[in-house]
Amino acid sequence: PAPLERMNEPDFIAGGDGGAFDLEFDDACNAYVVTMISGPDFLRQLEPDGTLTVWTGVTNLNMGEVAVLRRPGGEFGTGDGELGEVALTYVCCASCGCVGDDPQGVARLVRGATEELPMEVIATPSPGAGPWGVTAVDTGPYGLTYDARDRLYVGNVEANGDLVRADVAAGTSETLTTFEERVHATAVFGPRSILVALAGGAVVEVDTETGATTPFAELATDVTSMVRDPFTGRVYVSTPEPAIRVFTPDGEPLDALEAPPAAGRLAYAPDGFLYYLVVGWPTTAQVLRYALPERLGD
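Let me begin by describing the structure that accompanies this report. (Residues numbered from 1 in each chain as written. Predicted model: local features only at pLDDT ≥ 70, side-chain atom pairs only at ≥ 80, totals over all residues. Heavy atoms only, no water.)

**Comments concerning the overall build of the protein**
(1) Moving on: Within the protein, the secondary structure is distributed over two helices and 24 strands.
(2) Moving on: Over its C-alpha atoms the protein spans a radius of gyration of 17 Å, differing by no more than 12% from the 19 Å that the globule rule assigns to 298 residues.
(3) Moving on: For the C-alpha atoms alone, the extent of the protein along its principal axes is close to 50 × 45 × 35 Å.
(4) Moving on: Here the protein holds 298 residues, and the buried ones make up 56% of them. (Helix = DSSP H or I, 4+ residues; strand = E, 2+ residues; numbered from the N terminus. Rg over C-alpha atoms; globule rule 2.2 N^0.38 Å. Buried < 20%, exposed > 50% of the residue type's maximum accessible area, 1.4 Å probe, protein only.)

**A closer look at the sheet that holds strand β23 (residues 273-278)**
(1) Moving on: Pairing in this open sheet of three strands is antiparallel, and the strands run β22-β23-β24 from one edge to the other. The two strands at the open ends of the sheet, each matched to only one other strand, are β22 (264-268) and β24 (286-291). Geometrically, the sheet is characterised by an average inter-axis angle of 25° between neighbouring strands, direction not taken into account.
(2) Moving on: Looking at chain direction, β22 and β23 are connected through five bridges and run antiparallel. The residue bridging Leu-266 from the neighbouring strand is Tyr-276, located in β23. (Pairing = 2+ DSSP bridges. Axes fitted to C-alpha atoms, helices over the stretch in contact; angles between N-to-C directions.)

**Thoughts on the sheet that holds strand β17 (residues 213-218)**
(1) Moving on: Pairing is antiparallel across the open sheet formed by four strands, whose spatial order is β14-β15-β16-β17. Because the sheet does not close on itself, it has two edges, and the strands there are β14 (183-190) and β17. When the angles between neighbouring strand axes are averaged without regard to direction, this sheet yields 25°.
(2) Moving on: Two elements, β14 and strand β15 (residues 193-198), share six bridges in a ladder whose sense is antiparallel. When the bridges of β15 are listed, Ala-187 appears paired with Leu-195.

**Details of the environment of Glu-181**
(1) Moving on: For Glu-181, the location among the structural elements is in the loop between β13 (172-178) and β14.
(2) Moving on: Here Glu-181 falls in the partly exposed class, since its relative accessible area comes to 33%.
(3) Moving on: Taking the C-alpha atoms as reference, Glu-181 lies 26 Å from Met-119; in sequence the two are 62 residues apart.
(4) Moving on: What Glu-181 contacts, discounting residues up to four positions off in sequence, is Gly-161, Leu-198 and Ala-199. (Contact = heavy atoms within 4.5 Å.)

**Here we look at the pattern of salt bridges**
(1) Moving on: Scanning all chains against the criterion turns up seven salt bridges.
(2) Moving on: A salt bridge links Arg-6 to Glu-9; the nearest nitrogen and oxygen atoms lie 3.1 Å apart.
(3) Moving on: On the basis of relative accessible area, Glu-9 is assigned to the partly exposed category, the value being 35%.
(4) Moving on: Look at the salt bridges and you will find they share partners, linking Arg-6, Glu-9 and Asp-11 into a network. (Salt bridge = Lys/Arg side-chain N within 4 Å of Asp/Glu carboxyl O.)

**So, the side chain of Thr-177**
(1) Moving on: Summarising the element assignment, Thr-177 is placed in strand β13.
(2) Moving on: Note on Thr-177: relative accessible area 16%, which makes it buried.
(3) Moving on: The contact partners of Thr-177, leaving out residues within four places of it in the chain, are Gly-161, Asp-162, Leu-163, Val-206 and Gly-211.

**Some thoughts on unusual backbone geometry**
(1) Moving on: Pro-242 follows Glu-241 through a cis peptide bond whose omega is 10°.
(2) Moving on: Within the secondary structure, Pro-242 sits in the loop between β19 (235-239) and β20 (243-247).
(3) Moving on: A cis amide bond, omega 5°, links Trp-281 with the succeeding residue Pro-282.
(4) Moving on: Locating Pro-282 in the fold gives a position in the loop between β23 and β24.

Below, the structure is given as structure tokens:
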């Protein structure tokens, strides 16, 4: 990816009274962020050489998460350097000025089209009490991720707790399963499963074919993001305290990483680092990184 210093320049992570609110990478080492600022928000792509491309979102509707599809073979498994398929969420509370006539939901990037961020999944505003503790942010669709089969997942679409699977190529979506608690975060876990973090800190593995769930871990605190290192199988979980918790592939806790300065979100890149975005609202956005184990068993 681009050097850490370049990622921390204002044109990539700042803007107005806020800044970047989620971070992801594709196989070609492009970094993507979506913003949380007053007025129009932006999807931004930063290439390894520092070139920046920006797409403007729906007027005055906050962007919550960004997700990138990796090619078949697992995250970064092919090394073919393809640009990722990119999706993002729009979020805002039902009574906030950022809603207006614009729908919440999930949009995807279509490069060079007349409409470059078409909405694929329309969502109903759904209030929450976490993980950020801010009414205007803890609402709408959360837990955006692709699986290994070009299918997109997101929670809280029609109501808190539903987990929806969308085939963006076919333009269809269906409810995979429904939880009693609001969905806060998701992550790719296996060839046919994802992890889902629920309000209150329960993390479960969900079979993406059947919707069956298996307990993975209990954190007793809300979760802001999760990623799985496909090499070691370790799962990294960020929480609002702030903290970065580490789990084995079986859900057993390991020593936590050094605590970041403020609440944020995690992203996994192919350069051997775990990236952490201190979110750009209400804090000042900042990108940090942590070296990952170089070999199994470390």
